[in-house]
Amino acid sequence: MKKAMLFVVALLFSVSVNAATLSMSTAGSSFDQDVDVSNGSVVLGGGTVSEGPGTWFSQFDVSTDADTAVKVEWSFNPTSSLAGATLRFNNGVDGIQLFNITGDFSFTAMIYQGYTAWVDIIDATRNVFKYDVSVSAVPVPAALFLFAPALLGFLGLRRKTAVAA
């Protein structure tokens, strides 16, 4: 019973832990884009490429109120319409990272308070499709609060089996 109560208390603490607040804004595009941007621990952007073949780019700026790890995800619908592109990420501290992609892609990075990060897609092939970008803060403290009771539970099970033997 003690273990169950400890787990519930740890779960309540983990729910109350907030991730950093992120803000996203558009920084430019080579075509008219339909962008939906929101603020919070998850920010979303996207657009629809509706012009003919060629190359295009779409750029977003992301800032945060606290240093945080983030997961950046790009998705394309349909995926087959993207023959290739380069994703560019810069958090203002660690330098520019380039990723060559041919479809949906995600990576984890750090974003620092006081710096504006770039989350861009450049040199992409232009076909008719929809794309979305999602940047979400990774709530590390919540994971630790959930992991600690599990470890304590394993220690409790080990102690009981040692006494019974």
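Bear in mind the structure is a predicted one, so any value in this text is a computation, not a measurement. (Residues numbered from 1 in each chain as written. Predicted model: local features only at pLDDT ≥ 70, side-chain atom pairs only at ≥ 80, totals over all residues. Heavy atoms only, no water.)

1. Section: the overall build of the protein chain
Short version of the rule: Each helix is a run of H or I in the DSSP string that is no shorter than four residues. Each strand is a run of E no shorter than two, and both are numbered from the N terminus. Type-normalised accessible area, obtained with a 1.4 Å probe on protein chains alone, sets the label of each residue: buried when under 20%, exposed when over 50%, and partly exposed for intermediate values. Any pair of residues with heavy atoms lying within 4.5 Å of one another is described as a contacting pair. Per-residue and other accessible areas follow the Shrake-Rupley method at a 1.4 Å probe size, with only the shown protein chains counted as cover for residues.
From N to C terminus, the protein chain includes 2 helices and 9 strands. Moving toward the C terminus, one meets the helices and strands of the protein chain in the order α-β-β-β-β-β-β-β-β-β-α. Buried residues in the protein chain amount to 35% of all 165 residues. A fraction of 74% describes how many contacts in the protein chain between residues 6 or more apart in sequence connect residues 24 or more apart. Working note: accessible area of the protein chain is about 9,400 Å², and carbon and sulfur atoms make up 60% of it.

2. A look at the pairing of strand S6 (residues 96–101)
Formally: When DSSP finds at least two bridges between two strands, those strands are taken to pair.
Pairing of strand S5 (residues 85–90) with S6 involves 6 bridges; the strand directions are antiparallel. Of the residues in S6, the one forming a bridge with Asn-90 is Ile-96. Where S5 folds back onto S6 in an antiparallel hairpin, the turn is made up of 5 residues, including Gly-92, whose phi is positive at roughly 85°.

3. Concerning empty space enclosed by the protein
A probe as big as a water molecule, rolled over the atoms, marks out the empty space that is left. Note the threshold: Of the grid points, spaced at 1 Å and generated over the protein atoms alone, those admitting a 1.4 Å probe that cannot get out make up cavities, while open sets with protein on both sides within 12 Å along at least five of seven lines make up pockets; any residue with an atom within 4 Å of a point is treated as lining. Grid points are joined across faces, edges and corners, and a volume is the space filled by probe spheres set on the points. For this scheme, ten residues count as nonpolar: Ala, Val, Leu, Ile, Met, Phe, Trp, Tyr, Cys and Pro. Four count as charged, namely Asp, Glu, Lys and Arg, and the remainder, Gly too, count as polar.
Tallied over the full model, the rule gives 1 cavity of 30 Å³ or more. Its boundaries defined by the atoms lining it, the largest cavity holds a volume of some 30 Å³. For the largest cavity, the full set of lining residues is Val-72, Trp-74, Leu-87, Arg-88, Phe-89, Phe-99, Phe-107, Val-119 and Asp-120. Elements supplying a minimum of two residues to the lining of the largest cavity: strand S4 (68–77), S5 and strand S8 (117–125). Residues belonging to the lining of the largest cavity are distributed by class as follows: 7 nonpolar, no polar and 2 charged.

4. Concerning the nonpolar core
To be explicit about the condition: The nonpolar core is taken to be a set of buried Ala, Val, Leu, Ile, Met, Phe, Trp, Tyr and Cys residues, with the residues joined through side-chain atoms within 4.5 Å.
Residues Trp-74, Tyr-131 and Val-135 are the most contacted members of the largest nonpolar core, which totals 30 residues. The greatest single-element share of this core, amounting to 5 residues, is contributed by strand S9 (residues 129–137).

5. Some details on the sheet that holds S9
Operational definition: Each axis is a line fitted through C-alpha atoms, and for a helix only the stretch in contact is used; angles between axes span 0 to 180 degrees, taken between their N-to-C directions.
Strand order across the open sheet formed by 4 strands is S2-S9-S4-S7, with antiparallel pairing between neighbours. In the strand order of this sheet, the two ends are held by strand S2 (42–49) and strand S7 (105–111), each with one partner. Each adjacent strand pair in this sheet contributes to an overall mean axis angle of 15°, direction not counted. Pairing of S4 with S7, which is carried by 7 bridges, proceeds in the antiparallel orientation.

6. With respect to the pairing of S8
Relative to S8, strand S3 (residues 55–64) runs antiparallel, the two sharing 7 bridges. Opposite Trp-56, over in S8, you have Ala-124 as the bridge partner. The pairing of S5 with S8 spans 5 bridges and is classified as antiparallel. Residue pairing in the sheet places Leu-87 in a bridge with Ile-121 of S8.

7. Considerations on the pattern of salt bridges
We apply this condition: Each reported salt bridge corresponds to a side-chain nitrogen of Lys or Arg within 4 Å of a carboxyl oxygen of Asp or Glu.
Scanning the model with the defined rule gives 2 salt bridges in all. Close ionic contact of Arg-88 with Asp-120 constitutes a salt bridge, the shortest N to O distance being 2.8 Å. One end of the pair, Arg-88, is in strand S5; the other, Asp-120, is in strand S8, with 32 residues separating them in the sequence. Given a relative accessible area of 3%, Asp-120 falls into the buried group. Between Asp-132 and Lys-130 there is a salt bridge whose closest N-O contact spans 3.0 Å. For Lys-130, a relative accessible area of 38% gives the class partly exposed.

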